[in-house]
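This is what each chain is made of:
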Amino acid sequence: MTLLDITNLSLRIGTHEILKEVSLSVEAGEIVAITGESGSGKSMTAFSAMGLLPETATTSGGISLSGTDLLAQSEAQMCDLRGQAIGMVFQEPMTALNPVKTIGDQVMETILIHKALPPDQARARARELLDRVGLSADRFPLGRFPHELSGGQRQRVVIAMAIALRPKLLIADEPTTALDVTTQAQILELLRDLVREFDMGLMIITHDLAVVADLADRIVVMRHGEVVETGATQTLLHNMQHPYTKMLFAASNHQVTLPEPPAPSPLLEVKGAVRDYPLPRKNLFAKPEHFRAVKDVSFTLYRGERLGLVGESGCGKSTLTRAILGLEPLQSGEICLDGMAITTTQNPEIRRRMQVVFQDPFGSFNPRHRVDRLITEPFYTLIAPPTGSARSDLIAETLRAVGLQPEDAQKYVHQFSGGQRQRIAIARALITRPELILFDEAVSALDVSVRAQILDLLADLCEAYGLSYLFISHDLSVVRTITDRCLVMQKGEIVEAAATEEIFATPKHPYTRALIAAAPQLPELDQGVA
Amino acid sequence: MTRNLILGTGLSSLVVLAALVSFIWTPFDHTAMDIPAKLQQPNGTHWLGTDHFGRDIFSMIMVGARTSIAVALVAVGIGMGLGVPLGLAAAANKGSWLDEIIMRGNDLVFAFPSLVIAILITAIFGAGAINAIAAIGIFNIPVFARITRGAALSLWEREFILAARVAGKGAARISGEHILPNIANLLIVQGTIQFSLGILAEAGLSYVGLGAQPPTPSWGRMLADAQTMVSFAPHLALIPGSAIVITVLGLNLMGDGLRDWLDPKLRLAR
Amino acid sequence: MLRYALKRGFSLIISLAVASLVIFFVIEIAPGDPASFMLGINAEPDTVAALRAELGLDQGKLQRYLAWVGGMLQGDFGMSYTYRTPVAGMIADRMWVSLPLALYALALSTLIAFPAGIYAAARRGKAGDMAVMGATQLGVAVPNFWFAMILVLVFAINLRWFGAGGFAGWDDGLGTALHSLTLPAIALALPQAAILARVMRSALLDILGEDFMRTARAKGLTRRQALWRHGLRNAMIPVLTIIGLQFSFLLAGAIIIEQVFFLPGLGRLVFQAISSRDLIVVESVVMILVFAVITVNFLVDLAYALVDPRLRSRT
């Protein structure tokens, strides 16, 4: 019998139609990946199976687990099934655990709430479970609190809770999206092992097609609440039917062609940069200790060069970015733009030569200002900012350059989609024709299809304006196509610097090798890619 | 939930209107004594009855509304006028000695309830409405400083503020141009809440004789006068008390309504 | 934990020191010389000078401040200017009316607010929630001293369940004393309970939206189990902040409400002292009140650490 069988599931919340006639199934011991872009309904499909939908949701169709109709179960019956027959792992390990309870108590709770074992045995079982997910007793006693663990370790605790009663079905909703690539690889490995060991069915929801291709036995592609294509992984990858599937895979592996950079002449020079953060004092009289986020970093970015900076969270790349922007002081060393030292004091000479595009397309703009005011904010650095028709012409030209319309100048940001907002952010960075632009995870929050468009835009702008930029990202595949040269950062240090293709072809530093090995790869797709 | 807003604004406007009308008209002179007509129950002539000197209670309530509103309003003004700039400055210089001094100063003022501030001020300068204003106003400063700092701090982490910094704008300019407009709703809502708390505090202070002094009428002192007569003339206590409840209730409903109307996601410690 | 407690203890001492400085120097600005005030306008300059020396008023400001603080640490609050008796004796009895009243009210307010807030949060949007929220909206708007007058009218004058005022003292046993503090405590507690219940409800509702509540439901906990096991303790963090703030309101309220019930507490003492310009009594009472507020907030800080393990490990 099929383990999980979803047939013609439709879901509406209020007047919103979230899911339309969704059908899919998961067999025991099988890994099924549901993928799609934001708004595709993939997470809601998972929550429907858990019976954890908002109260205003109405469903039709059927969800059956080993023949039990889940939609017909009472809330009390669903409580019995959750945790026992179905386990779930969530996206945000940092917030998925109760901060005021120990990890031991939280793992034991799954066992105790279903009265599966008496308390003393439940405690021993919780210990075994934590050992099984890779949290050993010596470093992770049951009395640890969540805040003492890293994101990856917390995700292991969440997994331990989910598999405590050996559920037949495990649902994982973007389980590695919030994690670094090396941690992601370990967590995926753990999930794969658990599926084999327990003969569980795993329904994994992820937007990352490389993860899907790597892990899943079967793939379900969703868009706007509908299943557009489904099939065994190898079959589907090599014989895509639906144009949306083809577009999705093509966009995930989108390549752009950058123009040749000009002959090297230094633009940004970072010499021996050191940035310390004071740690909270251990006691009143002790000297404050410091955490060194950036350790003696030196590199040069040449005029017309597209330089990448990759590293995992906490490696110091954000701190370095802020120091280059002159938002934070250095403890020693120096950063020069065109020969002028960058400091935290407001020097308009430097400010006007440098701009930035941030990650979050929603937080990057004052919601109360119109687009024309938003993108002209850098005019503040100019001695004689354009006025009157010169100003409106420049606004119109810049908006056109990033693929928007001049009329958009009078709108507010909430009227734009995430991708369009990122275009506005680029317009703001471009309007004063700065010599250097910093892209701080500028495409990381975007869906793959939108990301591909923004990467195209950047390539076009390189052609048209001869941009020099520093592209900071954790996403290796993006950095690979959009930069000429690349720096790899680990624990506050640049461990490797070379031409991008060289780094990816022949990585020299062990950390770079580990990073590249951990990143899931889309297989070479021989056909059908539009 | 605009029902709250309508009801609250209606009640509050009623009280403000009574206070304004009292400048040009009251049914009787609120100070005129008429001993033969003393302690009357509400009737056709004296709509809310008379007190132990035969004064018309309705007129006293109208004029008393002035005192309450003036004291609470100026106290909110003091709290906002000083607290908001302090909070903005503390947030703009997070972790600096300035932030530290402002926040420790706040903690210190929080240790002095407005009654205690009123006691100290009265001990030095004697009683009066100005003291009540100062006492409640001083207590409001850390309230606004704290809420401003908290909201401003989270905004300072937002990327649009970083973008403004990259454009070379200074802390003062960013605070005025980006931070203040984005926390204005929060401050308006907190302002109505502090306004209503100010009405309650003023009543308490005049009740114990630390607020407005005779002949300035105030609801709190009317209650103090009523206390000994409560067994045989309960309306003397019920009427001014109800006036306070209606005013405060109206302001609170208005605050809640405003909060829901301006921003459903706005969170307040209340 | 110990380190956290020591750190909070250290800042408690600093706060007390700064508060005492502020109080001392504010009283210093007050016009008039206590010695001439005590002796009346007809006093000989020599006698005034002698009394000034006796009271230590001829010394420097800093010296007098240190002497005042030093005295208080040993329980000596100086001599009343009006009654010429030790202030400590005058305060001692009255303090044991005002402080217990405030604490009694705090306990009542918490006892009422917790169930009301939890009930409302659990029935969000339903009739029970609406009723509780409506009642608290009204409760927040009621001045406690007026509510006290209504209580006297109903329960003391009409029903005669309680005396209309006065305090039996602690000598006749706890029951009698608490009986005479019950009406005032209820009058103080209900309006504060209304505020606290609203905070409790909104804190719980905030927690209900947290990711870990969804995790709990995924383990198979019912809505109610998740609320009790995971919601409540997390909701305590904002609630404790309000409880700390409330004590200061309750103490101020206690001082006002003493006037309604003719209770011989710090309120009556300080208001008399203000009118007779007995500034040393005012100074001492204010210091006691501020001491109580700062100490209770220190205890709240410690309670935070018990609730939240993140505070315990961070120092």
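Residues numbered from 1 in each chain as written. Chains lettered and ligands numbered in written order. Predicted model: local features only at pLDDT ≥ 70, side-chain atom pairs only at ≥ 80, totals over all residues. Heavy atoms only, no water.

## A look at helix α7 (residues 181-198) of chain A
Residue and element names in this part refer to chain A.
Alright, step 1. Taking 1.5 Å per residue, 18 residues should reach 26 Å; α7 reaches 26 Å between its end C-alpha atoms and fits that length.
Alright, step 2. For α7, the complete set of buried residues consists of Val181, Thr182, Thr183, Gln184, Ile187, Leu188, Leu190, Leu191, Leu194, Val195 and Phe198.
Alright, step 3. One or two residues past the end of α7 sits Asp199, with phi positive at roughly 55°. (Helix = DSSP H or I, 4+ residues; strand = E, 2+ residues; numbered from the N terminus. Expected span 1.5 Å × (residues − 1). Buried < 20%, exposed > 50% of the residue type's maximum accessible area, 1.4 Å probe, protein only.)

## Details of the side chain of Gln155 of chain A
Residue and element names in this part refer to chain A.
Alright, step 1. Considering the arrangement of structural elements, one finds Gln155 in helix α6 (residues 151-163).
Alright, step 2. What makes Gln155 buried here is its relative accessible area of 0%.
Alright, step 3. Those residues in contact with Gln155 that sit more than four places away from it in its chain are Val89, Phe90, Gln91, Pro93, Pro175, Leu179 and Ile187. (Contact = heavy atoms within 4.5 Å.)

## Description of the sheet that holds strand β5 (residues 68-69) of chain A
Residues and elements named next belong to chain A.
Alright, step 1. Taken together, the 4 strands give an open sheet; going across it, the order is β2-β1-β4-β5, and neighbouring strands pair in antiparallel fashion. If you trace the sheet from one side to the other, it starts and ends with β2 (16-26) and β5, each paired once.
Alright, step 2. Here 8 bridges tie strand β1 (residues 4-13) to strand β4 (residues 57-65), and the two strands are oriented antiparallel to one another. The partner of Leu4 across the bridge, within β4, is Leu65.
Alright, step 3. Here helix α1 (residues 42-50) sits on the sheet and contacts β1, β2 and β4; the angle it forms with β2, its principal contact strand, is near 70°. (Pairing = 2+ DSSP bridges. Axes fitted to C-alpha atoms, helices over the stretch in contact; angles between N-to-C directions.)

## What to know about the sheet that holds strand β12 (residues 290-302) of chain A
All names here are of chain A.
Alright, step 1. The strand order across the open sheet formed by 4 strands is β12-β11-β14-β15, and the pairing between neighbours is antiparallel. Each having just a single partner strand, β12 and β15 (340-341) make up the two edges of the open sheet.
Alright, step 2. In the sheet, strand β11 (residues 266-278) pairs with strand β14 (residues 332-337) via 5 bridges, with the strands oriented antiparallel. Paired with Val270 across the two strands is Ile335, which belongs to β14.
Alright, step 3. Helix-sheet contacts for helix α11 (residues 317-324) involve β11, β12 and β14, and the interaxial angle to β12 is about 65°.

## A look at the confidence of the model for chain C
All names here are of chain C.
Alright, step 1. Of all residues in chain C, 99% have pLDDT values of 70 or greater, and the mean over the chain is 87.
Alright, step 2. Across chain C, helix α9 (residues 211-218) holds the top mean pLDDT of 93, while helix α2 (residues 34-39) sits lowest at 72.
Alright, step 3. Complex prediction metrics read pTM 0.86 and ipTM 0.86. (pLDDT = per-residue confidence, 0-100.)

## Re the interface of chain A and chain C
Alright, step 1. Between chain A and chain C, the residue contacts involve 31 residues of the former and 24 residues of the latter.
Alright, step 2. Buried area between chain A and chain C, both sides added, is near 2,500 Å², and the carbon and sulfur share of it is 58%.
Alright, step 3. Contact with chain C buries area across many residues of chain A, yet Val100, Glu109 and Ile113 of chain A alone supply 22% of it, more than any other trio.
Alright, step 4. The tally of links between chain A and chain C comes to 4 salt bridges. (Buried area = accessible area lost by both parts, 1.4 Å probe. Salt bridge = Lys/Arg side-chain N within 4 Å of Asp/Glu carboxyl O.)

## Overview of the environment of Thr222 of chain C
Alright, step 1. Looking at the element boundaries, Thr222 of chain C is found in the loop between α9 and α10 (223-261).
Alright, step 2. Residues in contact with Thr222 of chain C, not counting those within four places in the same chain, are Cys79 of chain A together with Arg217 of chain C.

## Quick look at the environment of Arg104 of chain B
All names here are of chain B.
Alright, step 1. The residue Arg104 is located in helix α3 (residues 97-110) in this model.
Alright, step 2. Distance from Arg104 to Lys169, taken between C-alpha atoms, is 28 Å for residues 65 residues apart in sequence.
Alright, step 3. A polar side-chain atom of Arg104 sits 3.0 Å from a polar atom in the side chain of Asp107. (Polar contact = N/O pair within 3.5 Å; in protein donor to acceptor, adjacent residues only side chain to side chain.)

## Description of empty space enclosed by the protein
Alright, step 1. Enumeration according to the criterion identifies 5 cavities of 30 Å³ or more in this entry.
Alright, step 2. When its volume is computed, the largest cavity comes out at roughly 90 Å³.
Alright, step 3. Lining the largest cavity are Asp51, His52, Arg55, Ile57, Met60, Met222, Asp225, Ala226 and Leu236 of chain B.
Alright, step 4. For the lining of the largest cavity, the secondary structure elements donating two or more residues are α2 (57-92) and α8 (219-226) of chain B.
Alright, step 5. Here the lining of the largest cavity gets 3 residues from one element, more than from any other, and that element is α8 of chain B.
Alright, step 6. Class assignment of the residues belonging to the lining of the largest cavity gives a composition of 5 nonpolar, 1 polar and 3 charged.
Alright, step 7. In this structure, the second largest cavity spans a volume of roughly 60 Å³.
Alright, step 8. Contributing to the lining of the second largest cavity are Gly83, Gly87, Met88, Phe90, Thr110, Val158, Met161 and Ala162 of chain A together with Thr215, Ala218 and Lys219 of chain C. (1 Å grid on protein atoms, 1.4 Å probe; cavity = no way out; pocket = protein on both sides within 12 Å on 5 of 7 lines; lining within 4 Å. Points joined across faces, edges and corners; volume = space filled by probe spheres on them. Nonpolar A, V, L, I, M, F, W, Y, C, P; charged D, E, K, R; others polar.)

## Digging into the pattern of salt bridges
Alright, step 1. Following the criterion strictly, the structure yields 46 salt bridges over all chains and no others.
Alright, step 2. Glu28 of chain C serves as the salt-bridge partner of Lys61 of chain C, at 3.9 Å between the closest nitrogen and oxygen. Residue Lys61 of chain C is located in helix α4 (residues 61-73), and its partner Glu28 of chain C is located in helix α1 (residues 2-29); the two are separated by 33 residues in the primary sequence.
Alright, step 3. Residue classification places Lys61 of chain C among the partly exposed residues on the basis of a relative accessible area of 44%.
Alright, step 4. One salt-bridge network, held together by shared partners, links Arg303, Asp338, Glu349, Arg352, Arg353 and Glu435 of chain A.

## Quick notes on the packing of aromatic side chains
All names here are of chain B.
Alright, step 1. Evaluated as defined, the whole model comprises 12 aromatic pairs over all chains.
Alright, step 2. Ring geometry for Phe110 versus Phe139: centroids 6.0 Å apart, planes at 85°, classification edge-to-face. Remark: Phe139 occurs in helix α5 (residues 129-156) and Phe110 occurs in helix α3; sequence separation between them is 29 residues. Phe139 shares its class with Phe110; the two are buried. (Phe/Tyr/Trp six-rings, centres within 6.5 Å; stacked < 30°, edge-to-face > 60°.)

## Quick look at the interface of chain C and chain B
Alright, step 1. Listed per partner, the contact involves 47 residues of chain C and 39 residues of chain B.
Alright, step 2. Taking both partners together, chain C and chain B bury about 3,700 Å²; carbon and sulfur atoms supply 81% of that area.
Alright, step 3. The three residues of chain C that bury the most area against chain B are Phe145, Trp146 and Met149 of chain C, which together make up 16% of that side's buried surface.
Alright, step 4. Our enumeration of links across chain C and chain B arrives at 1 salt bridge.
Alright, step 5. Across the pair Arg198 of chain C and Asp256 of chain B runs a salt bridge, and its minimum N-O distance is 2.8 Å.

## Some thoughts on the pairing of strand β8 (residues 201-205) of chain A
Residue and element names in this part refer to chain A.
Alright, step 1. Of all 5 residues making up β8, 5 are buried, and the element is well covered by its neighbours.
Alright, step 2. In β8, alternate side chains face the same way, and those of Gly201, Met203 and Ile205 on one face and Leu202 and Ile204 on the other are all buried.
Alright, step 3. As defined by bridge partners, strand β3 (residues 31-35) adjoins β8 across 4 bridges and the pair is classed as parallel. When the sheet's bridge partners are listed, Ile34 is paired in β8 with Ile205.

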